[in-house]
Amino acid sequence: MPFRPQKISKKRVNVVYTAGTNDHREMMRAWEILGCDVTLVSVTDPSANFADADIVVFPGGFADGDYLGAAKVWHHLMETKYRDQMDFLRTGKIPVLGICNGFQLMTRSGFFGNNLRLIQNTSGMFEHRWVRTRFTQESSQSIWTKGLEGMELCVPVAHGYGKFVKDGAMTEARISLRYEPDLYPNNPNGSDEAIAAVFSGSRGQFWGCMPHPERACEPWHFTQHGLVLFENLLRNL
């Protein structure tokens, strides 16, 4: 039987768009399937108010072409023009999700501490395929993933700079998802400890992931595992 998600929430979800974002439509659709009130907020609009929501999502893409580095220009924009809203998000009052380019943004913006980096894949190439990952037991500490510990998540990846590197022990972030098996090409980037996703915050309200769960939500996708993740957050809120 195909997975049939329940429409369990009217939570307000803001999906943040910038020039070069390309996964916003899939991300919006995932939350709409679950009954959420979804708004696309473009930060190319100087009056954008993206932090006024129940959930904020930074989706994937190639913000500003990533010409100066993955999410580097986007990070500069968000920490200058929208610093007040970013500071509000960092208080942890609402859940924040970053996928791929959005994860790179959140990492640069200190949501997961100050000693983590996402660098070029070990292969030196853009890697794009479906991969197998598994939730860690630590996932029980995050409102995004509590109840999913040990579950396999089969979702696609599409990135050139997704190798997760730790400069010393992680002080704030904890590992949520690992590539399994930890072998290329299933581990597409050579991340330390096969890390695919991390979380932080007192309730694990900040969650960042290189794979794309929003691309595993429709009945015609290879899996609908992504909906399990999003639905799980709504049940835990």
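Reading the values: rules and limits
Residues numbered from 1 in each chain as written. Predicted model: local features only at pLDDT ≥ 70, side-chain atom pairs only at ≥ 80, totals over all residues. Heavy atoms only, no water. Pairing = 2+ DSSP bridges. Helix = DSSP H or I, 4+ residues; strand = E, 2+ residues; numbered from the N terminus. Axes fitted to C-alpha atoms, helices over the stretch in contact; angles between N-to-C directions. Contact = heavy atoms within 4.5 Å. Salt bridge = Lys/Arg side-chain N within 4 Å of Asp/Glu carboxyl O. Buried < 20%, exposed > 50% of the residue type's maximum accessible area, 1.4 Å probe, protein only. Parallel < 35°, antiparallel > 145°, perpendicular 65-115°, else oblique. Nonpolar A, V, L, I, M, F, W, Y, C, P; charged D, E, K, R; others polar. Left-handed = near helix turned anticlockwise from the far one by under 90°. Core = buried A, V, L, I, M, F, W, Y, C linked by side-chain atoms within 4.5 Å.

Trainee: Please clarify how the sheet that holds strand E7 (residues 152-159) should be interpreted in this entry.
Mentor: Within a sheet, neighbouring strands are paired by backbone hydrogen bonds and run either parallel or antiparallel to one another. Read from one edge to the other, the open sheet built from nine strands follows the order E2-E1-E3-E4-E11-E10-E9-E6-E7, with strand pairing classed as mixed. Either end of the sheet is taken by a strand with one partner, and the two such strands are strand E2 (37-42) and E7. Recorded for the sheet is a direction-independent mean angle of 25° between the axes of neighbouring strands. Packed on one face of the sheet, helix H5 (residues 225-236) meets strand E3 (55-58), strand E4 (96-99), strand E6 (127-135), E7 and strand E11 (206-209) and runs near 110° to E7.

Trainee: Explain the pattern of salt bridges to me, please; I cannot follow it from the model alone.
Mentor: Any two side chains of opposite charge can pair, on the condition that their charged atoms come close. Taken as a whole and assessed by the stated rule, the structure comprises 16 salt bridges. For the salt bridge of Glu-127 with Arg-129, the shortest nitrogen-to-oxygen distance reads 2.5 Å. Looking at Glu-127, the relative accessible area reads 2%, which means it is buried. The salt bridge partner of Glu-193 is Arg-178, with a shortest N-O separation of 3.2 Å.

Trainee: So what exactly am I meant to see when it comes to unusual backbone geometry here?
Mentor: Outside of glycine, negative phi angles account for most residues, and trans bonds account for most peptide bonds. With an omega of 10°, the peptide bond between Glu-180 and Pro-181 qualifies as cis. Mapped onto the fold, Pro-181 is located in the loop between strand E9 (174-179) and strand E10 (195-200). Cis geometry marks the peptide bond from Tyr-184 to Pro-185, where omega comes out at 10°. As for its position among the elements, Pro-185 is in the loop between E9 and E10. Look at Cys-100: it is not a glycine, yet its phi comes out positive at around 55°. Locating Cys-100 in the fold gives a position in the loop between E4 and helix H4 (101-108). A relative accessible area of 5% means that Cys-100 is categorised as buried. The phi angle at Ala-194 is positive, at roughly 60°, despite the residue not being glycine. Looking at the secondary structure, you find Ala-194 in the loop between E9 and E10.

Trainee: Got a minute to help me understand the packing of helix H2 (residues 72-80) against helix H3 (residues 83-90) in this structure?
Mentor: The geometry of a pair of packed helices is captured by two quantities: the angle between their axes and the separation between those axes. Here H2 crosses H3 at 95°, and the two axes come no closer than 5 Å. Accordingly, the angle class assigned to the pair H2 and H3 is roughly perpendicular. Across the interface between the two elements, Met-78, Glu-79 and Thr-80 from H2 touch Arg-83, Met-86 and Arg-90 from H3. In the contact of H2 with H3, the residues fall into two nonpolar, one polar and three charged.

Trainee: Could you clarify how one ought to interpret the packing of helix H1 (residues 24-33) against H5 in this entry?
Mentor: Direction vectors running N to C along H1 and H5 enclose 55°, while the axes themselves pass 10 Å from each other. By the criterion of interaxial angle, the relationship of H1 to H5 is oblique. Remark: the crossing between H1 and H5 carries right-handed chirality. Along the contact surface, H1 presents Met-27, Ala-30, Trp-31 and Ile-33, while H5 presents Leu-227, Phe-230, Leu-233 and Leu-234. The residue makeup of the contact of H1 with H5, split by class, is eight nonpolar, no polar and no charged.

Trainee: Please clarify how the pairing of E9 should be interpreted in this entry.
Mentor: Remark: a regular strand shows side chains that alternate across the two faces of the sheet. Direction of pairing for E6 relative to E9: antiparallel, over a ladder of three bridges. Across the sheet, Phe-135 pairs through a bridge with Leu-177, a residue of E9. Inspection of the sheet shows E9 paired to E10 by four bridges, in the antiparallel sense. Bridge pairing in E10 links Ile-175 to Val-198.

Trainee: So what exactly am I meant to see when it comes to the nonpolar core here?
Mentor: The nonpolar side chains of a soluble globular protein tend to be buried with one another. Membership of the largest hydrophobic core comes to 72 residues, with the highest contact counts inside it found for Trp-31, Phe-50 and Phe-58. Examining the composition of this core, we find that six residues originate from one element, H5, more than from any other. With residues near it in sequence (within four places) discarded, Trp-31 still touches Val-13, Cys-36, Val-38, Ile-55, Val-57, Leu-97, Trp-144, Phe-230, Leu-233 and Leu-234.

Trainee: Hey, could you run me through the pairing of E3 in this one?
Mentor: Taking every second residue as pointing to the same face, both faces of E3 are buried, with Ile-55 and Val-57 on one and Val-56 and Phe-58 on the other. Where strand E1 (residues 12-17) lies against E3, three bridges are found, and the strand directions are parallel. Along E3, the bridge assignment pairs Asn-14 with Val-56. Of the strand pairs in this sheet, E3 and E4 are connected by three bridges, and their pairing is parallel. Across the sheet, Phe-58 pairs through a bridge with Gly-98, a residue of E4.

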